[in-house]
Amino acid sequence: MDWSHYRFRSLWALRAPRAAVYTALEQAEDYPRWWPQVREVNPIDERSGTIRIRALLPYDLVFTAREVRRDPMAGVLEIAMAGDLEGWARWTLTSDGPGTRARYDQEVDVSKPLLRRLAVPGRPVFRANHALMMRAGQRGLTAYLEAV
């Protein structure tokens, strides 16, 4: 087993229509406005940018995100990631009554040297850190969608 390889899935129930959620999620440069752990998003071009995240633990992860799929009809947004995280992430949105169910899937290898050295003892802490970040993202997006 590669202890630096992670698969994550988060499910968010949001009280906003799918189109509104999709619009918010496709505008990655706005994530720092509503997702506290997304510290910076710096566009490189129309399909890619550099992202810096930091959750509870005292380290930043920096990676380049490149758009792989943007499909509003299917409700799918997918990126490829390179840098401290190597892999991919995908949002899949489905209508759920008047609201939206947002599923976030991510499969990555951590390439940041310190985190690789701490892979075995740190794995449960890193997974918990990710879970806390995702919960904060759901709360932030909920508040953002209610405000717009």
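Just above sits the structure.
Residues numbered from 1 in each chain as written. Predicted model: local features only at pLDDT ≥ 70, side-chain atom pairs only at ≥ 80, totals over all residues. Heavy atoms only, no water.

1. Section: the overall build of the chain
- Assigned secondary structure in the chain consists of 4 helices and 7 strands.
- Element order for the chain, N to C, with α for helix and β for strand: β-α-α-β-β-β-β-β-β-α-α.
- Scaling as 2.2 N^0.38, a compact globule of 148 residues should have a C-alpha radius of gyration of about 15 Å, and the chain matches this with 15 Å.
- Principal-axis analysis of the C-alpha atoms gives the chain an extent of 45 × 30 × 25 Å.
- Across the 148 residues that make up the chain, the buried fraction comes to 43%.
- Long-range pairs, those at least 24 residues apart, make up 51% of the contacts in the chain with a sequence separation of at least 6.
- In the form shown here, the chain has an accessible surface area of approximately 8,200 Å², with 55% of it arising from carbon and sulfur atoms.
- The chain carries 22 positive and 18 negative side-chain charges, and their two centres are separated by 6 Å. (Helix = DSSP H or I, 4+ residues; strand = E, 2+ residues; numbered from the N terminus. Rg over C-alpha atoms; globule rule 2.2 N^0.38 Å. Buried < 20%, exposed > 50% of the residue type's maximum accessible area, 1.4 Å probe, protein only. Contact = heavy atoms within 4.5 Å. Areas by Shrake-Rupley, 256 points an atom, 1.4 Å probe, with all protein chains shown as cover. Lys, Arg positive; Asp, Glu negative; His and termini not counted. Charge placed at Lys NZ, Arg CZ, Asp CG, Glu CD.)

2. Re the nonpolar core
- The biggest cluster of nonpolar side chains holds 38 residues, and the ones touching the most others in it are Trp12, Leu25, Trp35, Trp91 and Leu141.
- Contacts of tryptophan 35, omitting those with residues within four sequence positions, involve Trp12, Trp91, Met133, Met134, Ala136 and Gly137. (Core = buried A, V, L, I, M, F, W, Y, C linked by side-chain atoms within 4.5 Å.)

3. Concerning the packing of aromatic side chains
- Applying the stated criterion across every chain yields a total of 9 aromatic pairs.
- Between tyrosine 59 and phenylalanine 126, the aromatic rings sit 6.1 Å apart at their centres with planes inclined by 80°, giving edge-to-face as the arrangement. Separated by 67 residues along the polypeptide, tyrosine 59 in the loop between strand E3 (48–53) and strand E4 (61–71) and phenylalanine 126 in helix H4 (residues 119–147) bring together distant segments of the chain.
- You can call phenylalanine 126 buried: its relative accessible area is 12%.
- Aromatic side chains tryptophan 91 and tyrosine 104 sit 4.8 Å apart centroid to centroid with 55° between the ring planes, which places their arrangement in the tilted category. In this pair, tryptophan 91 is assigned in strand E6 (residues 85–96) and tyrosine 104 in strand E7 (residues 99–110), connecting sequence segments 13 residues apart.
- For arginine 123, the ring lying beneath its charged end belongs to tyrosine 6, and the centroid distance is 4.3 Å. (Phe/Tyr/Trp six-rings, centres within 6.5 Å; stacked < 30°, edge-to-face > 60°. Lys NZ or Arg CZ within 6 Å of the ring centre and 35° of its normal.)

4. What about helix H1 (residues 18–26)?
- Within H1, the full set of buried residues consists of Val21, Tyr22, Ala24 and Leu25. All buried residues of H1 fall inside an arc of 165° around its axis, so they share one side. (Arc of directions from axis to C-beta.)

5. A few points about the packing of H1 against H4
- Closest axis-to-axis distance for the H1/H4 pair is 11 Å, and the angle between their directions is 115°. Classified by chirality, the crossing of H4 by H1 is right-handed. Of H4, the residues touching H1 (which contributes Ala20, Val21, Ala24 and Leu25) are Leu141, Tyr144 and Leu145. (Axes fitted to C-alpha atoms, helices over the stretch in contact; angles between N-to-C directions. Left-handed = near helix turned anticlockwise from the far one by under 90°.)

6. As for the side chain of histidine 130
- Checked against the element boundaries, histidine 130 lands in helix H4.
- Apart from the residues lying within four places of it in its own chain, the contact partners of histidine 130 are Phe8, Tyr104 and Gln106.

7. Overview of the pattern of salt bridges
- All chains considered together, the criterion is met by 14 salt bridges.
- Taking the shortest distance from any N to any O, the salt bridge between glutamate 67 and arginine 70 comes out at 2.8 Å.
- Residue class for arginine 70 comes out partly exposed when judged on its relative accessible area of 39%.
- Between aspartate 105 and arginine 103 there is a salt bridge; the shortest N-O distance is 2.7 Å. (Salt bridge = Lys/Arg side-chain N within 4 Å of Asp/Glu carboxyl O.)

8. A short note on a nonpolar patch on the surface
- Judged by side-chain polarity, Met1, Trp3 and Val120 come together as a nonpolar surface patch covering roughly 360 Å² of accessible area.
- Within the element layout of this structure, valine 120 appears in helix H4.
- Given the relative accessible area of 52%, valine 120 is considered exposed. (Patch = residues over 30% accessible without salt bridge, like charges linked within 9 Å, V, L, I, M, F, W, Y side chains within 5 Å.)

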